[in-house]
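Topology and contacts: notes
Below are the chains, spelled out letter by letter.
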Amino acid sequence: MDFLSIVVPCFNEEESIGIFFKEIEKVLAGYDYEIIFINDGSSDNTLKNIKDIANENSSVKYISFSRNFGKESAIYAGLKNASGDLICVMDADLQHPPNLLPEMLETISNGDYDVVAARRISRKGEPKFKSFFSHQYYKIFNRISEMNLVEGATDYRVMTRQVVNSVLELNEFNRFSKGLFQWVGFDTKWIAYENVERVAGETTWSFWGLLKYSIEGIVAFTTAPLSISTLLGSIFSIVAFIYMIFIITKNLLYSDPVQGFATIMCAILLLGGIQLLSIGVLGKYLEKTYLETKNRPIFIVKESNIDDM
Ligand code: UDP
Ligand code: MG
């Protein structure tokens, strides 16, 4: 039987950890597995609760970061230290239903797929505007990038060792997991499930946080916004040229007195806006390049019970 590693990123999940472990233990009775909790710089008792569980269960490992590095970094650390033949990534708040796991494991064990991932088909209990923006985002992302993100795709997935090794080869600093998982390819089977609310605690995602994250995804996976500036520039140059000929001709024929304040203001404001926007877009890519060239570590470990880290 394949050895299974379950990677669980945790940030301020003191209440969820215990419930999560109980559930997963029930579901995985009879399996050969390890659970790797990654404490992503929690400021509550998350680490203590994880350690308590680890002390009583030799199958429980933990990695604790020196500060909050973000879920993406936590997943990377978990994947890097997982020793399983099959590796599963899962949230600690039980929003990724553990009872899907046996079905996922069975599907992947049949050997037809390299990845079995969960897809949320409802957004029950979520604000309407959030679902709306999310839907539009997927549409835009898929249109301007060469990838095809599956709507409702979550990080809840079981992968073979081969897939995980490929994901680990993408050791970039800006980690947009949804994109990375998709980018490596392989045959993926999607399993649909209804949205579940958190068992305890609160989500750390604010509207602005999500907006920032979505821009990161676009910058990480497509350079289309840069081409849009070029396109806009070309269109405006052509229009400006035609308009210039029109003005010159008009002036020669009728020798107009000074006029056209409105025209000039509109042109200046519009072009100024577009120029600033383009510089902003350019800056975003430069910022990401700058961060990548620093080559900083994706995470820093403060303590762990894994021996050969
Ligand atoms: N998480 C993390 N680091 C962070 C934020 C979140 O490891 O900086 C973990 C969190 O503990 C949970 C998972 O990532 O296990 C998903 O987070 P959350 O439930 O807040 O996101 P949502 O389910 O609302 O997308
Ligand atoms: Mg959650």
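Let us look at the structure shown here. All residue numbers refer to position in the chain's written sequence, counted from 1. As a convention, the first chain written is A and the first ligand written is 1, with the rest following in written order. With pLDDT at 70 or above as the cut-off, local features in this predicted model cover only qualifying residues; side-chain atom pairs require 80 or more to be listed or tallied, and sums for whole chains, interfaces and linings still use all residues. The side-chain quantities take in all heavy atoms of the structure and omit both hydrogens and water.

Overview of the pattern of salt bridges
Note on definitions: salt bridges are taken to be side-chain nitrogens of Lys or Arg within 4 Å of carboxyl oxygens of Asp or Glu. Evaluation of the coordinates by the stated rule reveals eight salt bridges. With a closest N to O distance of 3.0 Å, Glu216 and Lys288 form a salt bridge. Here Glu216 is found in helix H8 (residues 207-221), whereas its partner Lys288 is found in helix H10 (residues 261-293), with 72 residues between them in sequence. One salt-bridge network, held together by shared partners, links Glu216, Lys284, Glu287 and Lys288. The way it works is that DSSP assigns letters per residue, a run of H or I at least four long becomes a helix, a run of E at least two long becomes a strand, and they are numbered from the N terminus.

So, the coordination of the magnesium ion (ligand 2)
The rule for donors is simple: an N, O or S atom within 2.8 Å of the metal counts, and for Na, K and Ca the reach is 3.2 Å. Water is not among the atoms, so a site may look short of donors. Here the magnesium ion (ligand 2) is held by Asp93 (OD) and Gln95 (OE1), and the distances to it run 1.9 Å. For each residue, the accessible area found with a 1.4 Å probe, counting protein chains only, is set against the maximum for its type, and the residue is called buried under 20%, exposed over 50%, and partly exposed in between. When its relative accessible area of 3% is taken as the criterion, Asp93 is described as buried.

Focus on the site of ligand 1
In the region of ligand 1, 16 residues are neighbours, and Glu13, Asp40, Asp93, Gln95 and Arg198 sit closest. Whenever a nitrogen or oxygen atom comes within 3.5 Å of another N or O atom, the pair is scored as a polar contact, on the condition that within protein one atom can donate a hydrogen and the other can accept it, and that pairs from neighbouring residues in sequence are kept only if both atoms are in side chains. Backbone polar atom of Pro9 to an oxygen atom of ligand 1: 2.8 Å apart, as the coordinates give it. Between an oxygen atom of ligand 1 and a side-chain N or O atom of Asp93, the distance comes to 2.6 Å. Only the protein chains shown count as cover for residues, with accessible areas throughout obtained via the Shrake-Rupley method and a probe of 1.4 Å. When ligand 1 sits alone it has 530 Å² of accessible area, and the protein chains cover 87% of it. Each residue gets one label: Ala, Val, Leu, Ile, Met, Phe, Trp, Tyr, Cys and Pro are nonpolar, Asp, Glu, Lys and Arg are charged, and the others, such as Gly, are polar. Across the shell around ligand 1, the residue classes tally to five nonpolar, five polar and six charged. Near residues are defined by distance, with any heavy atom within 4 Å of the molecule or strand qualifying the residue.

A few points about the sheet that holds strand S1 (residues 4-10)
Reading across from one edge, S7-S5-S6-S4-S1-S2-S3-S8 is the order of the eight strands in this open sheet, with mixed pairing throughout. Two strands close off the open sheet at either side, each with one partner strand: strand S7 (188-193) and strand S8 (301-304). Pairs of neighbouring strands in the sheet enclose a mean axial angle of 20 degrees, with direction left out of account. Note that strand S3 (residues 60-65) and S8 share three bridges and pair antiparallel. Opposite Ser64, over in S8, you have Glu303 as the bridge partner. Sheet strands in contact with helix H4 (residues 101-109) are S1, strand S4 (86-89), strand S5 (115-120), strand S6 (153-160) and S7, and its direction is about 45 degrees off that of S6. Each pair of strands is called paired provided DSSP finds at least two bridges between the two strands. Every axis corresponds to a line fitted to the C-alpha atoms, with the helix fit spanning only the stretch in contact, and the corresponding angles, defined between N-to-C directions, vary from 0 to 180 degrees. Two residues form a contact once any of their heavy atoms are found within 4.5 Å.

Details of the pairing of S6
With eight of eight residues buried, S6 lies mostly within the body of the structure. Two elements, S4 and S6, share four bridges in a ladder whose sense is antiparallel. From the neighbouring strand, Leu86 faces S6, where its bridge partner is Thr160. Note that S5 and S6 share four bridges and pair antiparallel. Looking at the pairing, Val115 lines up with Met159 of S6.

Examining the layout of surface pockets
Every definition here rests on a 1 Å grid over the protein atoms only: cavities are sets of points where a 1.4 Å probe fits but cannot get out, pockets are open sets enclosed by protein on both sides within 12 Å along at least five of seven lines, and lining residues have some atom within 4 Å of a point. Grid points are joined across faces, edges and corners, and a volume is the space filled by probe spheres set on the points. In this model, the second largest pocket occupies a volume close to 580 Å³. In this structure, the second largest pocket is lined by 19 residues; those nearest its centre are Tyr243, Ile247, Gly260, Thr263 and Ile264. Broken down by secondary-structure element, the contributors of at least two residues to the lining of the second largest pocket are helix H9 (224-254) and H10. Per element, the largest residue contribution to the lining of the second largest pocket is nine residues, and it comes from H9. Here the lining of the second largest pocket is composed, by residue class, of 13 nonpolar, four polar and two charged.

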